[in-house]
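Analysis of the macromolecular model
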Amino acid sequence: IPFDAKQILHFKNFNPLGNHPLPYKGMGIVQAANFAIETDNEARKWNYSFFRNSARPDGLLIKKTDGVVEDEEYQRLKQQWRQTYQGSENAHKVSIMTGNLEWQDISRNQKDMDFVEQRRMGRDEILAMFRVPKSVLGIVEDVNRANAEASNYIFGLRTIKPLMQKIVDTLNEFLVPDFGDEDLYFDYVSPVPA
């Protein structure tokens, strides 16, 4: 459906990229949080792959003698490896290979990568971009009743109320004047208790 520019009310968010090709456009929170969200998505995929088949080779097969592995030998080794060791049911099996090869361990586990803490930091970064405290989502690992209530109060005061004010201000500035009544305006009831 084609619209004229005057028919659209643009509720702009802050755009952290001042030199954006279209600097007058706002930037959505998800767009601004893209790196944190994509990092968390990739961490989830990696974790899923870890449990399917350890997500990475635990080591390398290195030819002990000089020279290159011939293509035919390479294809045979690759096929043998996939048939015997690929899939979650075959994860972490010990490899027994022929062809003058030596195993070199290169594995790192989730503990080495501090995987849980990385996910927790990503989660907290995404919540911070949306200005949502953990207790609002029911994450209570470090929350007691007093600071949960304080978090809810601050969430209402610093997140919900400014959002409501922004919507009302935009409507009063760009929509209400079209009706020509100077006494007409939008208002809202504060979500924050006195």
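Residues numbered from 1 in each chain as written. Predicted model: local features only at pLDDT ≥ 70, side-chain atom pairs only at ≥ 80, totals over all residues. Heavy atoms only, no water.

1. Let's talk about the overall build of the chain
Looking only at helices and strands, one finds six helices and two strands in the chain. Reading the secondary structure of the chain in the N-to-C direction produces α-α-β-α-β-α-α-α. Taking all 194 residues of the chain together, the buried fraction comes to 20%. Taking contacts inside the chain between residues at least 6 apart in sequence as the whole, the part at least 24 apart equals 57%. (Helix = DSSP H or I, 4+ residues; strand = E, 2+ residues; numbered from the N terminus. Buried < 20%, exposed > 50% of the residue type's maximum accessible area, 1.4 Å probe, protein only. Contact = heavy atoms within 4.5 Å.)

2. Regarding helix H6 (residues 145-174)
Between its terminal C-alpha atoms H6 stretches 42 Å, which fits the 44 Å expected from 30 residues at 1.5 Å a residue. Bending of H6 peaks at approximately 35° at the position of Gly156. On its buried side, H6 packs onto helix H5 (115-130). (Expected span 1.5 Å × (residues − 1). Bend = angle between axes of the 7 residues up to and from the residue.)

3. Concerning H5
If you check H5, its first and last C-alpha atoms are 23 Å apart, about what 16 residues at 1.5 Å a residue would give, namely 22 Å. Within the span of H5, buried status applies to Phe115, Gly122, Ile126 and Leu127. Projected down its long axis, H5 shows its buried positions confined to an angular sector of 130°, all on one face. What points out from H5, more than 90 degrees from its buried face, is the exposed set Met121 and Ala128. (Arc of directions from axis to C-beta.)

4. Section: the layout of surface pockets
Its volume calculated, the second largest pocket comes out at about 460 Å³. In terms of lining, the second largest pocket is formed by 19 residues, of which the most central are Asn13, Ile29, Met129, Arg131 and Lys166. Put simply, the parts of the chain that give the lining of the second largest pocket at least two residues each are helix H1 (29-32), H5 and H6. When residues in the lining of the second largest pocket are grouped by element, the largest group, seven residues, is from H6. Class assignment for the residues of the lining of the second largest pocket results in 14 nonpolar, three polar and two charged. (1 Å grid on protein atoms, 1.4 Å probe; cavity = no way out; pocket = protein on both sides within 12 Å on 5 of 7 lines; lining within 4 Å. Points joined across faces, edges and corners; volume = space filled by probe spheres on them. Nonpolar A, V, L, I, M, F, W, Y, C, P; charged D, E, K, R; others polar.)

5. Notes on the pattern of salt bridges
Applying the stated criterion to the full structure yields 10 salt bridges. Of the charged contacts, one joins Asp124 and Arg123 as a salt bridge, the two residues approaching to 3.1 Å between their closest N and O atoms. Look at Asp124 and you get partly exposed, because its relative accessible area is 30%. Residue classification places Arg123 among the partly exposed residues on the basis of a relative accessible area of 23%. Taken together, the shared-partner salt bridges connect Glu117, Arg120, Arg123, Asp124, Lys134 and Glu141 into one network. (Salt bridge = Lys/Arg side-chain N within 4 Å of Asp/Glu carboxyl O.)

6. Things to note about unusual backbone geometry
Phi is positive for Arg131, close to 60°, though the residue is something other than glycine. On the accessibility criterion, Arg131 (46% relative accessible area) is partly exposed.

7. A short note on a nonpolar patch on the surface
A surface patch of nonpolar side chains, about 300 Å² in accessible area, is lined by Ile29, Val30, Met129 and Phe130. By the secondary structure assignment, Val30 is in helix H1. (Patch = residues over 30% accessible without salt bridge, like charges linked within 9 Å, V, L, I, M, F, W, Y side chains within 5 Å. Areas by Shrake-Rupley, 256 points an atom, 1.4 Å probe, with all protein chains shown as cover.)

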